[in-house]
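# Descriptive analysis of the structure
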Amino acid sequence: MAGSGQSWESAAQQALDAVQRDPRAAIRIGQRVRENSDCPRAAAVAARALGLAHRELNELGTAVTHLRRAVRLAQRSGSAELTALARMSLGYVLANSGHNVAALGQVSAALRHLTGLDAGRARMQRGVVLHYAGRYEEAARDYTAAVEIAQQEGDALLEARARNNRGLVQTRRGMARGAADLRRAEELFTALGLPLAAADTRWNLGTAAARRGEVAEALRVFAEVDRRYRELDVPRPALQLDRLELLLAVPLPAEATEVAEAAVRELGARGMASDQAEALLGLARAALLAGDPAAATAAARRAGAAFRRQGRPAWAALARGVAHRAELRSGTRTARSVTAMLRTAAQLDATGWPGPALAARIDAGRVCAELGRTDQARELFTVAARARRGGTAERRAQGWYAAALRHRLDGNTAQARAALRRGLAVQDAHRALYGATELRTSSGAHGRDLAAEGLDLAVRGGRPTLILTWAELWRATALRMTPVVPPADPELSAALTELRGVAAAAEAAALAGRPAPADRRRQSQLEQRVRELARHADGTGELRRPPSVGELAAALGDAVLVELIAHGGAILAVVVRDGRAGLHRLGTREQARQAVRQHRFALRRLVTLGDPAAARAAAAQAAGRLDTQLLAPLRALIADRPLVIAPIGDLHGLAWAALPACAGRPVTVVPSAAAWLRACRSAPPAGGPAVLVAGPRLPEGEQEVAALAAADPAATVLTGAAASAAAVTAALRAAPLAHIAAHGVFRADAPLMSTLELADGPLTAYELERLGRAPAVVVLSACDSGLSGVQAGDELLGLAAVLLGAGTRTLIASVLPVPAGRTADLMLDLHARLRRGTGPAAALAGAQQHLRAGGDALSEATAAAFHCIGAGNNFPG
């Protein structure tokens, strides 16, 4: 056999040294040693290198096999030191595999036989095992000992690894100095020429940013490191847990569910049981956020069982905490559940999970209050309220919520309201730091409990002005934030351009009856890429206050504001007329929700399937029920005046113009009273030509635009190939008015991917929010173009919300599919009235009435489909 034992030992050590730099090279060298050497020491070192290299590639089953062989070979060689080193590495991988008790036994056994630098490495590995088990304080002590030994021995690699791990523990425990450890580790790895390890540490810096609440920074870091991993061609599936944590923190429950489900599958397939259990816990939390307590309970129980098998009691307590919250959401309120919550809270506090412990304590206090155990509830709220003094925005807001609950329990309503306002202010200030529209709107979910408590106090007080104030504090808050124009990003621009081309090709194939699975897959990938890049923008932190009734009354004139409000399962309305506010109860949300769905279904059937008799009757019946529930009780107040309506939930998609009380009257539909007032107060646009656009595959749209252009010779007209995305967006930036006749698509699954079809493909809402300044008046002669995705707090996502956020004062758009021919008639009449100086809402109402006069079902459906959104009136003066 070629080669001496000493040379094979040298080769085996080379394999070990290559593990972090190039794990595949380490495997090649290690296999060569294993196949050719009969030296037990060399074989033991080679087996250890193979095991650690396979661990770097996330092949844990293979890694454990090699490391068990390494222990046997080391024992055969008679070297206690080699055996201890092999045990140390085996313990590390066993911890990764979810076998924490066995892992701790292996590493503890190894420590007894190691001194100096090897002892430092073993202390670090024991820290890893304790880290996996959730024993963070003990892990931190071992990491610190490893750092000190590494510095004494001059081993930069050990110092870097121990600092990286200690930084993670400190970050988990909310310590700011964790980032300093991570930055130093990244410097050391880079200096050592270990790009993979440096990338891992850089990713951990992103995790630290996420835990501080700096979501945009975390997303930028994750995107940067993702590129590095692709270049290094090394998978890192476990790091998806950090991405999952970030999605849950925003929260983005639908996307978090997708990531969690994929992680559970992949980590399970790779044998990464510890990480798979954490993914299951993330899946439970996502289900809870999505309003599915049954799914949350099932996933939390699976996760808890896995953690118990793995000897991870701290993580098992976390899973129990999620299960308790799910049971609470399901209506469970018992003394036994209080005992369980408090036991879990104590375990979480003891093991370094203050955030979940705080939530468990507040939940227990709420149940105690409902069960009449007021002294215990007061004590729990008092302890929880201390969290308002510091920490993350979420923690401080929770502390203020607990303080409010304590004040309410004591009958101090004014102090309770003040605490709730402080909590909402903390949340809003944090949300405003997000620059991405999607993150701003989605993060409103964090204020749900604070806002609901404040609204309930106001409703019980019975003062309409106070009820309106509390409704506005948590309503469409993203539109009260200083708008952010996404920064110029060549990568995002390129992704949007490619997406437009791929989507156009896929649609063309579909229209030709040819499947295009490759294009659809690429489209899905590009959509995800666009979402991720768009989230990198930072916000300003500025937030406008909600308006007073006096401010609203001055702007309303003779119009009447009807703001609908959800209170439990009921619908309330605050009506502002002539400077006075009144409160009205309008039935149940479920009653309205069912009628809206029936109405939309009937109108869609009428337009798309041509079933006028049955559909017309069904639509009229549903419209009558909605009118009776929502507007008939207000008939004396609204009289024949113009209406400004702020809907809730599904009612944002209601064709309000179809309701008998709205027929022929100017109606403006708005996200909130604050959004309406902001639009009314917007500055008049600079002079310039109107922009008229016709998209492809719509002959009636080209005729519509040609007729409008004939009446306005100065307008910029973009049709045919000239109506490209680049040309249209450039023209919109300088236009006072824009009219776009095109095919529209609303994406309920991804509202910011809603589109208007142009010559070179679909123009998304993402591109419209990059305009900087949108036209003051926009008319979208397109199907479903006024629909929005409705998030918690009636936050809206879609074309309409993006345009309002970008400065559009008034938008006229449809909430249903519309037939091209009838739509063209409506649009020509609308513009004729606008040119005569009629305000947009009144012009639309007049054009709708004129179209209805034709008497046919399609004309009625077309007239009903369009909303005036935003200000609805002309500029003052």
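First, a word on scope: everything that follows refers to the structure included in this document. Quantities reported herein were computed from a predicted structural model and do not represent experimental measurements.

About the criteria used
- Residues numbered from 1 in each chain as written.
- Predicted model: local features only at pLDDT ≥ 70, side-chain atom pairs only at ≥ 80, totals over all residues.
- Heavy atoms only, no water.
- Salt bridge = Lys/Arg side-chain N within 4 Å of Asp/Glu carboxyl O.
- Helix = DSSP H or I, 4+ residues; strand = E, 2+ residues; numbered from the N terminus.
- Buried < 20%, exposed > 50% of the residue type's maximum accessible area, 1.4 Å probe, protein only.
- Polar contact = N/O pair within 3.5 Å; in protein donor to acceptor, adjacent residues only side chain to side chain.
- Contact = heavy atoms within 4.5 Å.
- Phe/Tyr/Trp six-rings, centres within 6.5 Å; stacked < 30°, edge-to-face > 60°.
- Lys NZ or Arg CZ within 6 Å of the ring centre and 35° of its normal.
- Pairing = 2+ DSSP bridges.
- 1 Å grid on protein atoms, 1.4 Å probe; cavity = no way out; pocket = protein on both sides within 12 Å on 5 of 7 lines; lining within 4 Å.
- Points joined across faces, edges and corners; volume = space filled by probe spheres on them.
- Nonpolar A, V, L, I, M, F, W, Y, C, P; charged D, E, K, R; others polar.

Side-chain pairs of opposite charge can arise whenever the charged atoms involved come near each other. Across all of its chains, the model carries 62 salt bridges by this definition. As a salt-bridge pair, R535 and E255 come within 2.4 Å of each other at their nearest N and O atoms. Of the two residues, R535 is situated in the loop between α27 (517–534) and α28 (549–556) and E255 in helix α14 (residues 253–269); the sequence distance between them amounts to 280 residues. The burial state of R535 is the same as that of E255; both residues are buried. With its nearest N and O atoms 2.7 Å apart, the salt bridge here joins E757 to R697. Within this pair, whereas E757 is found in strand β10 (residues 755–758), its partner R697 is found in the loop between β6 (691–694) and α33 (699–711), the two being separated by 60 residues in sequence. On the basis of relative accessible area, E757 is assigned to the buried category, the value being 17%.

A few words now on the side chain of Q629. Relative to the helices and strands, Q629 resides in helix α30 (residues 612–631). In this structure the side chain of Q629 is engaged in a polar contact, spanning 3.5 Å, whose partner is the backbone nitrogen of A592. Those residues in contact with Q629 that lie beyond four places of it in its chain are I571, L586, G587, T588, Q591 and A592.

Within this structure, the stated rule accounts for five aromatic pairs. Centre to centre, the rings of Y136 and W353 are 5.7 Å apart; their planes meet at 65°, and the pair counts as edge-to-face. Remark: W353 occurs in the loop between α18 (335–350) and α19 (354–370) and Y136 occurs in helix α8 (residues 136–153); sequence separation between them is 217 residues. Here Y136 and W353 have matching classes, each one buried. Ring geometry for F307 and W315: centres 5.5 Å apart, planes at 40°, overall tilted. On the basis of relative accessibility, which here comes to 5%, the residue W315 falls in the buried class. An aromatic cluster is defined as three or more aromatic residues linked by ring pairs; in this entry it consists of Y136, F307, W315 and W353. Note that R388 overlies the ring of W400, its terminal NZ or CZ placed 5.3 Å from the centroid.

Spatial ordering of the open sheet is given by β9-β10-β11, a layout of three strands whose pairing is antiparallel. At either end of the open sheet lies a strand with only one pairing partner, and these are β9 (744–745) and β11 (761–764). Note that β9 and β10 share two bridges and pair antiparallel. Across the sheet, V745 pairs through a bridge with T755, a residue of β10.

Here we come to the layout of surface pockets. Each pocket or cavity is described by its volume, and for the second largest pocket that value is around 440 Å³. A503, E507, V745, T755 and P762 are, among the 22 residues lining the second largest pocket, the residues nearest its centre. For the lining of the second largest pocket, the elements supplying multiple residues, two or more each, are α26 (490–511), α27, β10 and β11. Among the elements that make up the lining of the second largest pocket, the one with the highest residue count is α26 (six residues). Counted by class, the lining of the second largest pocket contains 11 nonpolar, five polar and six charged residues.

This brings us to the pairing of strand β2 (residues 570–577). With six of its eight residues buried, β2 lies for the most part within the structure. Both strand β1 (residues 560–567) and β2 contribute to a ladder of seven bridges, which runs antiparallel. Bridged to A566 within β2 is I571. With seven bridges joining them, β2 and strand β3 (residues 580–588) adopt antiparallel strand pairing. Looking across to β3, one finds that R577 is bridged to R580. Here β2 folds back onto β3 in antiparallel fashion, the turn holding two residues, of which D578 has a positive phi close to 50°.

As a further point, take empty space enclosed by the protein. Under the definition given, this model contains three cavities of 30 Å³ or more. A657, V667, L844, Q848 and F866 are, among the 16 residues lining the largest cavity, the residues nearest its centre. For the lining of the largest cavity, the elements supplying multiple residues, two or more each, are β5 (667–669), α38 (840–852) and β16 (866–870). Looking at the lining of the largest cavity residue by residue, the class counts come to 11 nonpolar, three polar and two charged. The computed volume of the second largest cavity comes to approximately 40 Å³. As for the second largest cavity, its lining consists of A436, T437, E438, R531, A534, R535, L752, Y766 and E769. Secondary structure elements with two or more residues in the lining of the second largest cavity: α23 (437–442) and α27. Of the residues that constitute the lining of the second largest cavity, the class distribution is four nonpolar, one polar and four charged.

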